[in-house]
Amino acid sequence: MKIIPILIAALVASAHATASAKPKASATPIPISPTAPPRAEAVIPPDEAARFLAGMPVTGILEPLTRTAAWQAHAGEFNAAWQRMETRQLSKVRVWAHGVPSANTLHYFFSGPDFLYADLIFPDVSTYVLCAIEPVGGVANLSSLSESALAGSLGNLRTSLGSIMRYHYFITKELRADLTRDRISGTLPLLYVFLARGGHTIRSVTPVPDGVKIIFKAAGGGAKTLYYFRTDLSNGANNAAFFDLCKKQRGAVALLKAASYLLHTPGFSRCRDFLLQNSSAIVQDDSGIPFRDFAAKDWSVKLFGTYKGTQGIFAKYSQPDLLGTYRGIVSAPLGFAFGYEANPDRGTLMIAQKK
(Lines give C-alpha, C1' and ligand atoms only; values in the text may rest on other atoms or scores of the structure.)
Protein backbone atom coordinates (compact mmCIF):
# COMPACT_ATOMS: atom_id res chain seq x y z
CA MET A 1 0.00 0.00 0.00
CA LYS A 2 1.41 3.42 -0.98
CA ILE A 3 1.31 6.46 1.26
CA ILE A 4 -1.50 8.47 -0.17
CA PRO A 5 -0.76 12.16 -0.64
CA ILE A 6 -3.47 14.14 1.02
CA LEU A 7 -4.94 17.56 0.77
CA ILE A 8 -4.65 19.64 3.89
CA ALA A 9 -7.65 21.92 3.82
CA ALA A 10 -7.50 25.43 5.22
CA LEU A 11 -4.25 25.17 7.22
CA VAL A 12 -3.94 28.93 6.87
CA ALA A 13 -7.41 29.83 5.61
CA SER A 14 -6.54 32.38 2.91
CA ALA A 15 -8.43 32.39 -0.36
CA HIS A 16 -8.81 35.21 -2.86
CA ALA A 17 -12.04 35.12 -4.82
CA THR A 18 -12.00 35.85 -8.53
CA ALA A 19 -14.93 37.02 -10.46
CA SER A 20 -15.99 37.76 -13.99
CA ALA A 21 -19.03 39.31 -15.54
CA LYS A 22 -20.68 38.71 -18.89
CA PRO A 23 -22.42 41.41 -20.89
CA LYS A 24 -25.97 40.71 -21.80
CA ALA A 25 -25.31 40.76 -25.55
CA SER A 26 -21.80 39.28 -25.75
CA ALA A 27 -19.94 36.13 -24.64
CA THR A 28 -16.69 38.10 -24.30
CA PRO A 29 -15.71 38.41 -20.61
CA ILE A 30 -15.40 41.92 -19.27
CA PRO A 31 -12.33 42.32 -17.05
CA ILE A 32 -12.87 43.46 -13.48
CA SER A 33 -11.71 47.00 -12.88
CA PRO A 34 -8.50 47.15 -10.83
CA THR A 35 -10.15 49.80 -8.71
CA ALA A 36 -12.80 47.32 -7.54
CA PRO A 37 -10.96 44.16 -6.39
CA PRO A 38 -13.00 41.17 -5.24
CA ARG A 39 -13.50 40.78 -1.53
CA ALA A 40 -11.14 38.34 0.16
CA GLU A 41 -12.23 36.02 2.93
CA ALA A 42 -10.95 36.91 6.37
CA VAL A 43 -7.75 35.13 7.40
CA ILE A 44 -8.25 33.32 10.69
CA PRO A 45 -4.98 32.68 12.54
CA PRO A 46 -4.63 29.00 13.44
CA ASP A 47 -4.20 29.80 17.13
CA GLU A 48 -7.51 31.65 17.15
CA ALA A 49 -9.20 28.73 15.38
CA ALA A 50 -7.67 26.33 17.93
CA ARG A 51 -8.93 28.30 20.92
CA PHE A 52 -12.37 28.66 19.35
CA LEU A 53 -12.66 24.91 18.72
CA ALA A 54 -11.41 24.19 22.24
CA GLY A 55 -14.21 26.29 23.75
CA MET A 56 -11.84 29.03 24.90
CA PRO A 57 -12.32 32.82 24.54
CA VAL A 58 -10.97 34.59 21.46
CA THR A 59 -10.62 38.27 20.62
CA GLY A 60 -10.23 38.23 16.85
CA ILE A 61 -12.39 37.53 13.82
CA LEU A 62 -14.24 34.67 15.51
CA GLU A 63 -15.18 36.64 18.61
CA PRO A 64 -18.74 37.43 17.41
CA LEU A 65 -19.40 33.70 17.00
CA THR A 66 -18.58 33.12 20.66
CA ARG A 67 -21.79 35.00 21.48
CA THR A 68 -23.92 32.47 19.62
CA ALA A 69 -25.91 29.85 21.47
CA ALA A 70 -24.13 27.14 19.42
CA TRP A 71 -20.65 28.10 20.58
CA GLN A 72 -21.67 28.83 24.16
CA ALA A 73 -23.29 25.40 24.44
CA HIS A 74 -20.13 23.84 22.98
CA ALA A 75 -17.87 25.72 25.39
CA GLY A 76 -20.04 24.83 28.38
CA GLU A 77 -20.11 21.11 27.58
CA PHE A 78 -16.45 20.99 26.67
CA ASN A 79 -15.24 22.89 29.73
CA ALA A 80 -17.20 20.62 32.06
CA ALA A 81 -15.95 17.44 30.37
CA TRP A 82 -12.36 18.67 30.34
CA GLN A 83 -12.45 19.56 34.02
CA ARG A 84 -13.76 16.11 34.90
CA MET A 85 -10.96 14.54 32.88
CA GLU A 86 -8.38 16.82 34.46
CA THR A 87 -9.47 15.82 37.98
CA ARG A 88 -9.92 12.11 37.29
CA GLN A 89 -6.99 11.48 34.95
CA LEU A 90 -4.73 14.20 33.60
CA SER A 91 -3.48 15.65 36.89
CA LYS A 92 -2.43 12.14 38.01
CA VAL A 93 -0.65 11.34 34.74
CA ARG A 94 1.19 14.64 35.00
CA VAL A 95 2.51 13.76 38.46
CA TRP A 96 3.50 10.23 37.41
CA ALA A 97 5.42 11.57 34.40
CA HIS A 98 7.96 13.37 36.58
CA GLY A 99 11.22 11.53 36.07
CA VAL A 100 10.25 9.84 32.79
CA PRO A 101 13.33 9.78 30.50
CA SER A 102 13.27 12.54 27.94
CA ALA A 103 15.15 13.57 24.79
CA ASN A 104 14.99 16.19 22.06
CA THR A 105 12.50 14.15 20.00
CA LEU A 106 9.51 11.93 20.75
CA HIS A 107 8.29 9.26 18.30
CA TYR A 108 4.66 8.41 18.98
CA PHE A 109 3.66 5.74 16.46
CA PHE A 110 -0.01 4.67 16.05
CA SER A 111 -0.90 7.91 17.84
CA GLY A 112 -3.85 9.18 15.87
CA PRO A 113 -4.30 12.83 16.91
CA ASP A 114 -3.31 12.10 20.55
CA PHE A 115 -0.99 15.01 21.25
CA LEU A 116 -2.66 15.18 24.67
CA TYR A 117 -0.70 12.28 26.22
CA ALA A 118 2.46 13.05 24.27
CA ASP A 119 2.45 16.47 25.89
CA LEU A 120 1.52 15.16 29.35
CA ILE A 121 4.19 12.48 29.57
CA PHE A 122 6.95 14.23 27.61
CA PRO A 123 6.58 17.96 28.29
CA ASP A 124 10.28 18.66 27.82
CA VAL A 125 10.91 17.37 24.29
CA SER A 126 11.32 19.96 21.56
CA THR A 127 10.04 17.92 18.58
CA TYR A 128 7.01 15.63 18.55
CA VAL A 129 6.57 13.17 15.67
CA LEU A 130 3.12 11.59 15.60
CA CYS A 131 1.97 9.19 12.92
CA ALA A 132 -1.06 7.04 12.12
CA ILE A 133 -3.29 6.21 9.16
CA GLU A 134 -5.95 8.85 9.86
CA PRO A 135 -6.04 11.80 7.40
CA VAL A 136 -4.63 15.21 8.25
CA GLY A 137 -7.81 17.00 7.17
CA GLY A 138 -8.33 20.67 7.97
CA VAL A 139 -10.53 23.40 9.34
CA ALA A 140 -13.01 25.26 7.15
CA ASN A 141 -13.45 29.03 7.28
CA LEU A 142 -15.39 29.02 10.53
CA SER A 143 -16.55 32.62 10.13
CA SER A 144 -18.55 31.65 7.04
CA LEU A 145 -20.65 28.96 8.76
CA SER A 146 -24.25 29.55 9.70
CA GLU A 147 -25.11 29.03 13.34
CA SER A 148 -26.86 25.74 12.60
CA ALA A 149 -23.88 24.50 10.56
CA LEU A 150 -21.54 25.64 13.33
CA ALA A 151 -23.58 23.77 15.94
CA GLY A 152 -23.38 20.60 13.88
CA SER A 153 -19.65 20.91 13.27
CA LEU A 154 -18.84 21.60 16.91
CA GLY A 155 -21.04 18.66 17.92
CA ASN A 156 -19.12 16.38 15.54
CA LEU A 157 -15.86 17.65 17.03
CA ARG A 158 -17.01 16.72 20.54
CA THR A 159 -18.04 13.30 19.27
CA SER A 160 -14.58 12.77 17.77
CA LEU A 161 -13.02 13.60 21.15
CA GLY A 162 -15.53 11.57 23.14
CA SER A 163 -13.63 8.29 23.36
CA ILE A 164 -10.32 9.76 24.53
CA MET A 165 -12.12 11.86 27.13
CA ARG A 166 -14.06 8.84 28.41
CA TYR A 167 -11.68 5.94 27.86
CA HIS A 168 -8.30 7.72 27.47
CA TYR A 169 -7.68 6.46 23.95
CA PHE A 170 -9.14 6.91 20.48
CA ILE A 171 -11.27 4.09 19.10
CA THR A 172 -9.88 3.71 15.58
CA LYS A 173 -13.08 2.59 13.88
CA GLU A 174 -15.12 5.45 15.35
CA LEU A 175 -12.36 7.95 14.72
CA ARG A 176 -12.19 7.11 11.01
CA ALA A 177 -15.90 7.78 10.63
CA ASP A 178 -15.88 10.96 12.72
CA LEU A 179 -12.86 12.47 10.96
CA THR A 180 -14.23 12.30 7.43
CA ARG A 181 -17.78 13.56 7.68
CA ASP A 182 -17.55 17.28 8.34
CA ARG A 183 -16.01 20.60 7.29
CA ILE A 184 -13.96 20.38 10.48
CA SER A 185 -12.25 17.11 9.58
CA GLY A 186 -9.21 14.93 10.06
CA THR A 187 -6.65 14.98 12.83
CA LEU A 188 -5.73 18.66 12.50
CA PRO A 189 -8.67 20.16 14.45
CA LEU A 190 -8.11 17.65 17.27
CA LEU A 191 -4.43 18.58 17.42
CA TYR A 192 -5.55 22.20 17.58
CA VAL A 193 -7.77 21.46 20.57
CA PHE A 194 -5.02 19.67 22.52
CA LEU A 195 -2.51 22.43 21.79
CA ALA A 196 -4.90 25.14 22.95
CA ARG A 197 -6.01 23.23 26.04
CA GLY A 198 -2.36 22.56 26.89
CA GLY A 199 -1.76 26.29 27.10
CA HIS A 200 0.33 26.42 23.94
CA THR A 201 0.21 29.11 21.25
CA ILE A 202 0.27 28.06 17.60
CA ARG A 203 2.69 30.13 15.54
CA SER A 204 2.43 28.46 12.13
CA VAL A 205 0.89 25.48 10.35
CA THR A 206 2.60 24.22 7.19
CA PRO A 207 1.87 21.30 4.86
CA VAL A 208 4.70 18.79 4.46
CA PRO A 209 4.70 15.63 2.32
CA ASP A 210 2.07 13.28 3.75
CA GLY A 211 1.60 15.42 6.82
CA VAL A 212 1.62 18.73 8.61
CA LYS A 213 4.16 20.73 10.60
CA ILE A 214 3.00 22.91 13.49
CA ILE A 215 5.34 25.32 15.23
CA PHE A 216 4.06 26.48 18.60
CA LYS A 217 5.16 28.40 21.64
CA ALA A 218 5.00 26.07 24.62
CA ALA A 219 3.10 27.01 27.74
CA GLY A 220 6.39 27.16 29.60
CA GLY A 221 8.06 29.28 26.91
CA GLY A 222 10.24 28.35 23.96
CA ALA A 223 9.40 27.23 20.44
CA LYS A 224 8.54 23.59 19.74
CA THR A 225 7.57 21.59 16.66
CA LEU A 226 4.80 19.05 16.18
CA TYR A 227 4.69 16.82 13.10
CA TYR A 228 1.80 14.60 12.17
CA PHE A 229 2.26 12.14 9.30
CA ARG A 230 -0.35 9.94 7.69
CA THR A 231 1.72 6.78 7.47
CA ASP A 232 1.13 3.05 7.13
CA LEU A 233 3.75 1.45 9.39
CA SER A 234 3.21 -2.14 8.25
CA ASN A 235 5.84 -4.23 6.52
CA GLY A 236 5.79 -3.75 2.77
CA ALA A 237 4.12 -0.34 2.88
CA ASN A 238 5.79 2.60 1.18
CA ASN A 239 7.15 4.02 4.43
CA ALA A 240 10.93 4.01 3.88
CA ALA A 241 11.09 7.82 3.68
CA PHE A 242 9.26 8.16 6.99
CA PHE A 243 11.59 5.75 8.80
CA ASP A 244 14.61 7.49 7.26
CA LEU A 245 13.36 10.81 8.62
CA CYS A 246 12.86 9.34 12.09
CA LYS A 247 16.27 7.67 12.04
CA LYS A 248 17.95 11.05 11.69
CA GLN A 249 16.58 12.02 15.10
CA ARG A 250 19.09 10.02 17.08
CA GLY A 251 18.39 9.09 20.67
CA ALA A 252 14.67 9.78 20.46
CA VAL A 253 12.27 8.49 23.08
CA ALA A 254 9.12 6.63 22.08
CA LEU A 255 5.55 6.36 23.33
CA LEU A 256 3.22 3.43 22.55
CA LYS A 257 -0.32 3.54 23.87
CA ALA A 258 -3.44 1.62 22.80
CA ALA A 259 -1.48 0.37 19.80
CA SER A 260 -3.84 -2.54 18.94
CA TYR A 261 -1.04 -5.04 19.68
CA LEU A 262 0.16 -4.55 16.11
CA LEU A 263 3.79 -4.80 17.20
CA HIS A 264 3.04 -8.31 18.49
CA THR A 265 2.37 -9.43 14.92
CA PRO A 266 4.76 -10.41 12.10
CA GLY A 267 3.27 -7.78 9.82
CA PHE A 268 4.82 -4.93 11.86
CA SER A 269 8.20 -6.47 12.64
CA ARG A 270 10.06 -3.72 10.77
CA CYS A 271 8.45 -1.01 12.90
CA ARG A 272 9.13 -2.99 16.08
CA ASP A 273 12.78 -3.49 15.16
CA PHE A 274 13.14 0.19 14.26
CA LEU A 275 11.96 1.28 17.71
CA LEU A 276 14.20 -1.22 19.51
CA GLN A 277 17.23 -0.16 17.47
CA ASN A 278 16.71 3.61 17.48
CA SER A 279 15.04 4.54 20.77
CA SER A 280 16.89 5.52 23.94
CA ALA A 281 13.76 4.85 26.02
CA ILE A 282 10.25 3.56 25.38
CA VAL A 283 7.19 4.30 27.53
CA GLN A 284 4.28 1.97 26.78
CA ASP A 285 1.38 -0.11 27.97
CA ASP A 286 1.19 -3.84 27.22
CA SER A 287 -0.17 -3.20 23.70
CA GLY A 288 3.21 -1.95 22.48
CA ILE A 289 6.37 -4.01 22.03
CA PRO A 290 6.13 -7.50 23.57
CA PHE A 291 7.80 -7.71 26.98
CA ARG A 292 9.93 -10.65 25.80
CA ASP A 293 11.65 -8.45 23.21
CA PHE A 294 13.04 -6.20 25.93
CA ALA A 295 14.28 -9.20 27.90
CA ALA A 296 16.07 -10.54 24.83
CA LYS A 297 17.76 -7.20 24.14
CA ASP A 298 19.97 -4.85 26.10
CA TRP A 299 17.18 -3.06 28.00
CA SER A 300 16.25 -2.40 31.61
CA VAL A 301 12.51 -2.28 32.29
CA LYS A 302 10.60 -0.68 35.17
CA LEU A 303 7.01 -1.83 35.68
CA PHE A 304 4.23 0.32 37.10
CA GLY A 305 0.64 -0.44 38.04
CA THR A 306 -0.51 -4.00 37.53
CA TYR A 307 -1.11 -6.55 34.80
CA LYS A 308 -3.89 -9.13 34.81
CA GLY A 309 -3.49 -10.45 31.29
CA THR A 310 -5.25 -9.29 28.15
CA GLN A 311 -9.01 -9.63 27.82
CA GLY A 312 -11.68 -9.36 25.14
CA ILE A 313 -10.82 -9.06 21.47
CA PHE A 314 -7.09 -8.88 22.25
CA ALA A 315 -7.03 -11.94 24.54
CA LYS A 316 -4.67 -13.84 22.23
CA TYR A 317 -1.97 -11.27 22.93
CA SER A 318 -1.81 -12.03 26.66
CA GLN A 319 1.81 -12.24 27.88
CA PRO A 320 2.53 -14.97 30.46
CA ASP A 321 6.10 -13.74 31.00
CA LEU A 322 4.86 -10.24 31.83
CA LEU A 323 2.20 -11.66 34.12
CA GLY A 324 4.81 -13.74 35.96
CA THR A 325 7.12 -10.76 36.36
CA TYR A 326 4.36 -8.62 37.86
CA ARG A 327 3.49 -11.40 40.32
CA GLY A 328 7.08 -11.38 41.53
CA ILE A 329 7.24 -7.66 42.35
CA VAL A 330 5.45 -5.20 44.60
CA SER A 331 3.97 -2.46 42.44
CA ALA A 332 1.54 0.23 43.58
CA PRO A 333 -1.52 0.89 41.39
CA LEU A 334 -1.11 3.74 38.96
CA GLY A 335 -4.21 5.51 40.21
CA PHE A 336 -5.20 6.40 36.65
CA ALA A 337 -6.37 4.50 33.60
CA PHE A 338 -4.04 3.97 30.67
CA GLY A 339 -4.20 2.35 27.27
CA TYR A 340 -7.14 0.00 26.87
CA GLU A 341 -7.67 -0.41 30.61
CA ALA A 342 -10.46 1.88 31.84
CA ASN A 343 -10.12 0.85 35.49
CA PRO A 344 -7.50 3.02 37.27
CA ASP A 345 -6.63 0.11 39.56
CA ARG A 346 -5.69 -2.13 36.62
CA GLY A 347 -3.55 0.16 34.52
CA THR A 348 -0.25 -1.15 33.09
CA LEU A 349 2.75 1.02 32.28
CA MET A 350 6.39 0.28 31.70
CA ILE A 351 9.50 2.32 31.04
CA ALA A 352 12.18 0.54 29.06
CA GLN A 353 15.61 2.16 28.87
CA LYS A 354 18.49 1.05 26.70
CA LYS A 355 21.48 0.08 28.85
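Before reading on, note that the structure itself is shown above.
Quick caveat, the model's predicted, so the values are computed rather than measured. (Residues numbered from 1 in each chain as written. Predicted model: local features only at pLDDT ≥ 70, side-chain atom pairs only at ≥ 80, totals over all residues. Heavy atoms only, no water.)

1. Some words on the packing of aromatic side chains
For the structure on display, the rule yields 25 aromatic pairs. Between Tyr-117 and Phe-338 the ring centres are 6.2 Å apart and the planes differ by 80°, which places this aromatic pair in the edge-to-face class. Taken together, the residues span a long stretch of sequence, with Tyr-117 in helix α3 (residues 115-121) and Phe-338 in the loop between α10 (320-327) and β11 (348-354) at a distance of 221 residues. No difference in accessibility class separates Tyr-117 from Phe-338, as the two residues are buried. Ring centres 6.5 Å apart and planes at 75° place the aromatic pair Phe-336 and Phe-338 in the edge-to-face group. Taking the relative accessible area as the measure of exposure, Phe-336 reaches 1% and is therefore buried. Taking relative accessible area as the criterion, Phe-338 reaches 2% and is therefore assigned buried. Taken together, the ring pairs connect Phe-109, Tyr-227, Phe-229, Phe-242, Phe-243 and Phe-274 into an aromatic cluster. (Phe/Tyr/Trp six-rings, centres within 6.5 Å; stacked < 30°, edge-to-face > 60°. Helix = DSSP H or I, 4+ residues; strand = E, 2+ residues; numbered from the N terminus. Buried < 20%, exposed > 50% of the residue type's maximum accessible area, 1.4 Å probe, protein only.)

2. Some thoughts on the nonpolar core
In terms of nonpolar packing, the biggest core is built from 69 residues, with Leu-53, Trp-96, Phe-115 and Ile-121 touching the most fellow members. Those residues in contact with Ile-121 that sit more than four places away from it in its chain are Val-93, Trp-96, Ala-97, Val-100, Leu-255, Val-283 and Phe-338. Listed in part, the 31 residues of the second largest apolar core include Phe-110, Ala-254, Phe-294 and Met-350. (Core = buried A, V, L, I, M, F, W, Y, C linked by side-chain atoms within 4.5 Å. Contact = heavy atoms within 4.5 Å.)

3. Focus on the pattern of salt bridges
Side chains bearing opposite charge may pair, as long as their charged atoms lie close to each other. Within the structure shown, the criterion is met by six salt bridges. A salt bridge links Asp-114 to Lys-257; the nearest nitrogen and oxygen atoms lie 3.2 Å apart. In this pair, Asp-114 is assigned in the loop between β1 (105-109) and α3 and Lys-257 in the loop between β8 (252-256) and α8 (269-278), connecting sequence segments 143 residues apart. Note on accessibility: Asp-114 and Lys-257 belong to one class, buried. (Salt bridge = Lys/Arg side-chain N within 4 Å of Asp/Glu carboxyl O.)

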